[in-house]
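Inside the fold
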Amino acid sequence: MLNYWWVTRPKRKLNSVPEVLAAFVDMSLNQEWEGQRDSHLAYEDALETAGLKRKGERRDQTGGGARTYKAWLVSLGLIFTQETTKRMKLTLAGEAIMNGDSPVEILTNQILKYQFPSSFSLGRGVQVAERFKIRPFLFLLRLLDDKRIGYLTEEEIAKIIVTEAENESDKCYNYIVDRIIQFRNFGDDCLDVEFFEKYKPSRGEVNPEHPYSHLTDLANTILNWLEYTQLAKREGGKIEILLDKKEDVRTILCNVPHFIDRPEQHEYFQRKYGIDPKHKKDNRNLTMTETITAMVLARQKVRRAYIAESLERPITKIDAGVVNYIVHRTGIDGKTVESILLESYPHGSVGAFMTKYFEMAFKGRDEATAFEKATVELFQDVFGFKAKHVGPIGLTPDVLLLSDSDGYQAILDNKAYQKYTINNDHYNRMVYNYIGNMKNYSQFDKPLAFFSYIAGGFGTNIDKQLNTIVSATGVNGSAISVSNMIKMVERHAEKPYSHQKIRDIFSLNRQLLMSDIT
């Protein structure tokens, strides 16, 4: 029995969940799972072929790796075993991901509902101790929103929180706050003298060279999951709520749902846990099993290939380029591929790519060019501008926009930092090179309507810094966080912005807020 929190981690990050799920659907949906070793090995092969699982010798040939990935999907409430047929089914959340809904929105919903006890935590080979009755990620957000705490480290989560945070009562919560403060003051000296006996690894003995490694590995994975929600981010070894997500977090903490009951009843629990944001309950009748035909198999392969591609680039519509790519990936004829894609994803699925776009905004120089090119694609394919990547020319902004419909140009500068500030050098570049020397990189004759910075987040003086540029140039400007950029993309899918509206938003001469884009 595990005497601490637990999340399974075949991969430490959740980015590949949609592909892992799509591979599972392709190989095992509506099939029996228990005892089907050949199916497990086939799924393992599929994961390795797709580059989702590292290739390696399988000495026992039992499909254990496949079972670990399947357990990952169960733990996130995406699949379940139907009691009457023993066949594998998708929950509503699993269906939503396969239908092209934003995986960030779906999985954030699942992460925030993740609880002990659950069907997974009570399962064979896991068995988290019964003393835990807690939603771990909601608990962490509550701590991060507490002024007494403000941030958390991997070490604090590993040594204090996952071992001692048992429930969500005020008594337990305040006890954990006190324990974190103690740990910050006294370090390991404040840990229980029997710590390693109480919280030993699930398998094997404590590693004498790295005695806490089983817990710090767990804490790192927990932080990766929390970062995936785009509510909090690590910097300098500390995780904090993103500045422009504080109100979102407070709204979440004010609307905490009830615990999901009957975790010992697998199908009941999973179907309740796996309700996606668009539904209130799961009323599906799943007793009828779909006959496996050539078209069913083709649909599964096409959807799997499409989901993999949609995570890599923003797909706004099904066009010849998308169809040809999927034909190449699957070998299925173009007419069939086009029919399946238009039926399954008539409006594309930009939301899937937003996971990657968000992460680019915090990578510093590592993915700076990719961040710039992705911004070009978003403004071109989503918002309908002529967009050009001009950054490589030198002494130029990253992106040049042209609105033919409204007769203006605009320039964007991507800054892949968590708290970007406009220093003196960057001020000079914007004023004298980007705005003052547009003829060096633009052949258009339309007036410059605005400049804007897109970054992971901004320093507290960003509004003042923007206004010094506005005063010096007479050109309106703004700054928008990647979180709000993603919100704009999502909102545009529901109610498109005109180019005039985009001009108005980006000309506010300050950092843009959620209220500005809704």
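That block above? That's the structure.
In this text the structure is predicted, and so the values were computed from the model without any measurement. (Residues numbered from 1 in each chain as written. Predicted model: local features only at pLDDT ≥ 70, side-chain atom pairs only at ≥ 80, totals over all residues. Heavy atoms only, no water.)

**Brief notes about the overall build of the protein**
Helix and strand counts for the protein stand at 22 helices and 11 strands. Its C-alpha radius of gyration of 25 Å places the protein within 12% of the 24 Å reference for a compact globule of 518 residues. Of all intrachain contacts in the protein linking residues separated by at least 6 positions in sequence, the fraction that spans at least 24 positions is 70%. On the protein, roughly 23700 Å² of surface is accessible, and the fraction owed to carbon and sulfur atoms is 48%. (Helix = DSSP H or I, 4+ residues; strand = E, 2+ residues; numbered from the N terminus. Rg over C-alpha atoms; globule rule 2.2 N^0.38 Å. Contact = heavy atoms within 4.5 Å. Areas by Shrake-Rupley, 256 points an atom, 1.4 Å probe, with all protein chains shown as cover.)

**Digging into the sheet that holds strand β9 (residues 448–455)**
Taken in spatial order, the 6 strands of this open sheet run β6-β7-β8-β9-β10-β11, and their pairing is mixed. One side of each edge strand has no neighbouring strand; the edge strands of this open sheet are β6 (386–389) and β11 (510–511). Sheet topology places β9 next to strand β10 (residues 476–481); 6 bridges connect them, and they run parallel. Directly across from Y453, in β10, lies its bridge partner A479. In the packing of helix α17 (residues 368–382) onto the sheet, contacts are made with β6, β7 (399–403), β8 (408–414) and β9, and the angle to β6 comes to roughly 170 degrees. (Pairing = 2+ DSSP bridges. Axes fitted to C-alpha atoms, helices over the stretch in contact; angles between N-to-C directions.)

**Examining the pairing of β10**
Of all 6 residues in β10, 5 are buried; the element is thus mostly enclosed. Assessed by its sense of winding, the connection that carries the chain from β9 through helix α19 (residues 462–473) to β10 is right-handed. The pairing of β10 with β11 spans 2 bridges and is parallel. Its bridge partner lying in β11, S478 is registered against R510. (Buried < 20%, exposed > 50% of the residue type's maximum accessible area, 1.4 Å probe, protein only. Right-handed = clockwise from strand over helix to strand, strands pointing away.)

**Details of the packing of helix α6 (residues 136–144) against helix α11 (residues 246–254)**
For the pair α6 and α11, the least separation of the axes is 10 Å and the interaxial angle reads 125 degrees. Accordingly, the angle class assigned to the pair α6 and α11 is oblique. Relative to α11, the crossing made by α6 is left-handed. In contact with L138, L141 and R142 of α6, α11 contributes V249, I252 and L253. A per-class count over the contact of α6 with α11 returns 5 nonpolar, no polar and 1 charged. (Parallel < 35°, antiparallel > 145°, perpendicular 65-115°, else oblique. Left-handed = near helix turned anticlockwise from the far one by under 90°. Nonpolar A, V, L, I, M, F, W, Y, C, P; charged D, E, K, R; others polar.)

**Observations regarding the nonpolar core**
Residues W5, Y43, L143, L152, I161 and L341 are the most contacted members of the largest nonpolar core, which totals 102 residues. In terms of residues, this core owes the most to one element, helix α10 (residues 213–228), which gives 8 residues. Ignoring any residue separated from it by four or fewer positions in sequence, one finds W5 in contact with F116, F132, I134, P136, F139, L140, I161, V162, A165, L218 and I222. Core analysis: the second largest hydrophobic core is formed by 39 residues, M354, F358, L401 and Y497 among them. (Core = buried A, V, L, I, M, F, W, Y, C linked by side-chain atoms within 4.5 Å.)

**Quick look at helix α3 (residues 64–75)**
The end-to-end C-alpha separation of α3 is 16 Å, in line with the 16 Å expected for 12 residues at 1.5 Å each. Taken together, the buried positions of α3 are occupied by G65, A66, Y69, K70, W72, L73, V74 and S75. Buried residues along α3 sit against α1 (17–28), α2 (37–49), β1 (79–81), β2 (88–90), α10 and α12 (266–273). Following α3 by one or two positions, G77 adopts a phi angle in the positive range, close to 70 degrees. (Expected span 1.5 Å × (residues − 1).)

**As for the environment of G237**
Position of G237 relative to the elements: it lies in the loop between β4 (232–235) and β5 (238–241). For the pair G237 and T287, spaced 50 residues apart in the sequence, the C-alpha separation amounts to 49 Å. Other than its neighbours up to four places away in sequence, G237 contacts L152, T153 and E154.

**Quick notes on the packing of α6 against helix α8 (residues 170–186)**
Remark: α6 packs on α8, axes separated minimally by 11 Å, with the N-to-C direction vectors making an angle of 60 degrees. One element, α6, and the other, α8, form an angle in the oblique class. Both α6 and α8 take part in a crossing whose hand is right-handed. Across the interface between the two elements, F139, R142 and L143 from α6 touch D170, Y173, I176, V177 and I180 from α8. Grouping the amino acids of the contact of α6 with α8 by side-chain chemistry returns 6 nonpolar, no polar and 2 charged.

In short, the description is geometric, and any link to function would need to be established separately.
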